[in-house]
Amino acid sequence: MATMARNLALIGAIFAMFSADGRAASLKPIRPVIVSLVLVQLCEPLVLGLGMRASAFPAVAQVAFEVRMIIDLLVAIGALMLLHNLYAGAAAASRYLLRWSVIALSGIFAYDLNLATIAYLSGEYPALLRDLRGLFAGMMAMLFALGANPAGPRVQFSPSRTVTFRTLSLLLIGTYLAVMLLVAKALPLIGGDFARTSQVVFLVLAAGGAIMALPSPRLRGWLRVMATKHLFQHRYDYREEWLRFTRTIGLGGKGSASLEERAVKALADITESPAGMLLMPNDEAQLELVARFNWPTIAVPAVAAEHKLSGLFEQNQFVIAMDEARSGIDHHGELALIPDWLIEAEDVWALVPLIHFDRLVGVVVLARPRIERRLDWEDFDLLKVVGQQLASYLSEQAGQQALMDASRFDDFNRRMAFVMHDIKNLTSQLSLLAANAQKHADNPAFRADMLVTLRNSADKLSGLLARLGRYGASPNHDLRAIDLGQLARAIADRFRGVHPVALTRDENVRVMGNVEALEQTIMHLVQNAIDASDAAMPVYLDVTADCLHGTLEVIDTGCGMSPEFVRTGLFKPFVSSKQGGFGIGAFEARELVKAMGGRVAVESREGVGTRFSVVLPTADAVRLIGAHEFDDSSSKEIA
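Cut-offs used in this document
Residues numbered from 1 in each chain as written. Predicted model: local features only at pLDDT ≥ 70, side-chain atom pairs only at ≥ 80, totals over all residues. Heavy atoms only, no water. Pairing = 2+ DSSP bridges. Helix = DSSP H or I, 4+ residues; strand = E, 2+ residues; numbered from the N terminus. Axes fitted to C-alpha atoms, helices over the stretch in contact; angles between N-to-C directions. Contact = heavy atoms within 4.5 Å. Core = buried A, V, L, I, M, F, W, Y, C linked by side-chain atoms within 4.5 Å. Buried < 20%, exposed > 50% of the residue type's maximum accessible area, 1.4 Å probe, protein only. Patch = residues over 30% accessible without salt bridge, like charges linked within 9 Å, V, L, I, M, F, W, Y side chains within 5 Å. Areas by Shrake-Rupley, 256 points an atom, 1.4 Å probe, with all protein chains shown as cover. Salt bridge = Lys/Arg side-chain N within 4 Å of Asp/Glu carboxyl O. 1 Å grid on protein atoms, 1.4 Å probe; cavity = no way out; pocket = protein on both sides within 12 Å on 5 of 7 lines; lining within 4 Å. Points joined across faces, edges and corners; volume = space filled by probe spheres on them. Nonpolar A, V, L, I, M, F, W, Y, C, P; charged D, E, K, R; others polar. Parallel < 35°, antiparallel > 145°, perpendicular 65-115°, else oblique.

Novice: Would you explain the sheet that holds strand S7 (residues 501–506) in this entry?
Specialist: Whenever strands of a sheet pair, they do so through backbone hydrogen bonds, lying parallel or antiparallel. With respect to topology, five strands assemble into an open sheet ordered S7-S9-S10-S12-S11, the strand pairing being mixed. Bordering the open sheet on either side are S7 and strand S11 (599–605), each of which pairs with just one other strand. Between one strand axis and the next, the sheet turns through 15° on average, direction left out of account. Direction of pairing for strand S10 (residues 549–556) relative to strand S12 (residues 609–617): antiparallel, over a ladder of eight bridges. Paired with Glu553 across the two strands is Ser613, which belongs to S12. Strands in contact with helix H20 (residues 585–595) are S11 and S12; relative to S11, the strand with the most contacts, it is inclined by about 140°.

As structure tokens, this is what we get:
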């Protein structure tokens, strides 16, 4: 009984050290442990009384003795963990005040731990160690008195989340071992062979359950969520989250993931989401898939979301909780704008906008965490702040890329100016040579042959000069109605014998454009499709029309392209996936079509194929728009 009273007094002293800073937040994670130790210690008189009453029954008395030793073991282990957390979580300036007191208390409970362990294993108290117990406790009490300093500053205890989680893990392991020992010792009381068999079966099942449960990420996640929810004032350790965020974003270099993928991972790690995606606006403010993180299975359409959703994010700058959206909660009118594929995908958990100076840079789609929970105010605040930081990184990268492109264009233009000057001089010289040869050549046959050769060379050089001069110029000065189906048939015939090119649909549609520029664009897209396809796989041309636009699609079933390359490399000048390519063809094709008032769209999946769509206004629509503008201008002049 005296030992029990001493232990309770020492536990009270430890509790007083924890409460020395006067903050409720410091005591919140400690009170359950203190209460558990006190309750366990109060069980010892009951067990002691049971042992004294059952002294006539040696087996029962032995079990009571072993239970007392287990109680001493649990109290000693719990007190040592509390002392460890007290010293490790205290402020650096206050540790010197705790040093001697912690050493003294740790020595007392460490001695009890070893004494109870030896007694439990041997079945009786070792006489010598039991007699020296009081002397050792007295020596430790002197150290405890040495560490007492009432005039010193107040102790500030701030346990880290790592220390708390490790303490909980140790408590769970200790509880598990204690339960195993109690059950294993209780089973032999049944007697007979059945007791021995039950003991073996229990040990096997308990060990198997531990092996299966401990590595489980779901169990660890549940413990982390419960500990964070009940032991801490805030859900997140902001210092640790910031350090992890900066490490993830800064992990660049050769062979590492792109900045877009690292941005998704950094945001997913904060909420413990297993996967995510990044959607970024295109030239028409429509959201398109740019990068994935651990989410290869979800199917994303070519246009992931329309421009209205991008505008809503820019106006309100809010995080969308998809569970709320599925339940019909509408905060800013987003329910009508969220695409169906996001609603139907149950794994989609949240949409986080990346805003930079009131401009939407992208939207991160987060997958549902393993431990399901609802987003709260702290999640919303942290995700919005991190989204703004990621938006600045992505905007900075886009600005650097634009500067690099501008520098390459400047170098390209300088080189092109020199080439055009040289070719122009050469063309003039050859033309003059042809004129002189026509006047002075004596041999008529030679003269005729020379004239044909020189004129062909001059024509070729002139054509090259005209083509080079078209860079940077607009082809909309020679727009006329073009039969899109006839153009598609002509291009298919041109590739006959080289590669199978088939026309799947041929609707009657006439678009407004430049014949030479449009033909050059389609030829380039067909050639790219052929290069990406096997020799026996045909390339398909599909001509369709609606009221205002005509569309010619070039479709192949080749190797396809990644979303990242479509976003950042396909239409970037001087970026090519071909060996020795200049990377100017796709960019030139898009610019030529844009100059004719149309657009080029692309949809591609790796290993499946690619679809290029060239969309141009119909000739009738252009005439109607022009007539309407003429009527408006005439009415203004009359007014």
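Novice: Sorry, what's going on with the nonpolar core here?
Specialist: A general feature of soluble globular proteins is that nonpolar side chains tend to end up buried together. If you look at the biggest cluster of nonpolar residues, it comprises 35 residues, and the most contacted ones within it are Leu518, Val526, Val554 and Phe612. Elements supplying a minimum of two residues to this core: helix H17 (484–494), helix H18 (515–532), strand S9 (539–545), S10, H20, S11 and S12. If you tally residues by element for this core, the top one is H18, at seven residues. In this view, Val554 contacts Leu525, Val526, Ala529, Val539, Tyr540, Leu541, Thr610, Arg611 and Phe612; residues no more than four positions away in its chain are not counted.

Novice: Would you take a moment to explain a nonpolar patch on the surface for this structure?
Specialist: Nonpolar side chains collect at one region of the surface, where Leu128, Leu132, Leu135 and Met139 lie side by side and expose about 410 Å² of accessible area between them. Summarising the element assignment, Met139 is placed in helix H6 (residues 127–147). Accessibility expressed as a relative area gives 46% for Met139, which makes it partly exposed.

Novice: Looking at this model, I keep getting lost on empty space enclosed by the protein. Mind explaining?
Specialist: Rolling a probe over the atoms, with the probe sized like a water molecule, indicates the empty space that remains. Scanning all chains against the criterion turns up two cavities of 30 Å³ or more. By volume, the largest cavity is sized at about 70 Å³. Lining the largest cavity are Ala321, Met322, Asp323, Glu324, Trp349, Arg374 and Leu375. With three residues, helix H13 (residues 322–326) is the largest single contributor of residues to the lining of the largest cavity. Classifying every residue of the lining of the largest cavity gives four nonpolar, no polar and three charged. What the second largest cavity holds in volume is close to 40 Å³. Mapped onto the lining of the second largest cavity, the elements with two or more residues apiece are helix H4 (58–89) and helix H5 (95–122). Element by element, the count of residues in the lining of the second largest cavity is highest for H4, at three residues. Here the lining of the second largest cavity is built from residues that sort into three nonpolar, one polar and three charged.

Novice: Please explain the sheet that holds strand S2 (residues 287–293) as it appears in this structure.
Specialist: Spatially, S2-S1-S5-S4-S3 is the arrangement adopted by the five strands of the open sheet, whose pairing is antiparallel. Looking along the sheet, the strands with just one partner apiece sit at the ends: S2 and strand S3 (320–321). Bridge count between S3 and strand S4 (residues 348–356): two bridges; the pairing is antiparallel. Within S4, the position partnered with Ile320 by the bridge is Leu351. Packing against the sheet, helix H11 (residues 259–271) makes contact with strand S1 (276–281), S2, S4 and strand S5 (359–367), and its axis sits at approximately 70° to S2. In this fold helix H12 (residues 307–316) packs onto S2, S3, S4 and S5, with an angle of close to 100° to the strand it touches most, S5.

Novice: Can you help me understand the packing of helix H1 (residues 2–18) against helix H3 (residues 31–53) in this one?
Specialist: Relative placement of two packed helices is described by the angle separating their axes and the distance separating the axes. Two elements in contact, H1 and H3, have axes whose closest approach is 10 Å; the angle formed by their N-to-C orientations is 175°. Taken as axis vectors, H1 and H3 run roughly antiparallel relative to one another. Every residue of H3 that contacts H1 at Met4, Asn7, Leu8, Ile11 and Phe15 is listed here: Arg31, Ile34, Leu37, Val38, Gln41, Leu42 and Pro45. Classifying every residue of the contact of H1 with H3 gives nine nonpolar, two polar and one charged.

Novice: Please clarify how the pairing of S1 should be interpreted in this entry.
Specialist: Along any regular strand the residues' side chains alternate between the sheet's two faces. The element S1 is largely enclosed, with a buried count of six among its six residues. Of the two faces of S1, the one lined by Gly276, Leu278 and Met280 and the one lined by Met277, Leu279 and Pro281 are each fully buried. Of the strand pairs in this sheet, S1 and S2 are connected by six bridges, and their pairing is antiparallel. By the bridge assignment for S2, Leu278 is matched with Ala291. A loop of five residues connects S1 with S2, the two strands running antiparallel in sequence, and Ala285 in this loop sits at a positive phi of about 65°. By the bridge criterion, four bridges tie S1 to S5 in an arrangement that is antiparallel. Residue pairing in the sheet places Met277 in a bridge with Val365 of S5.

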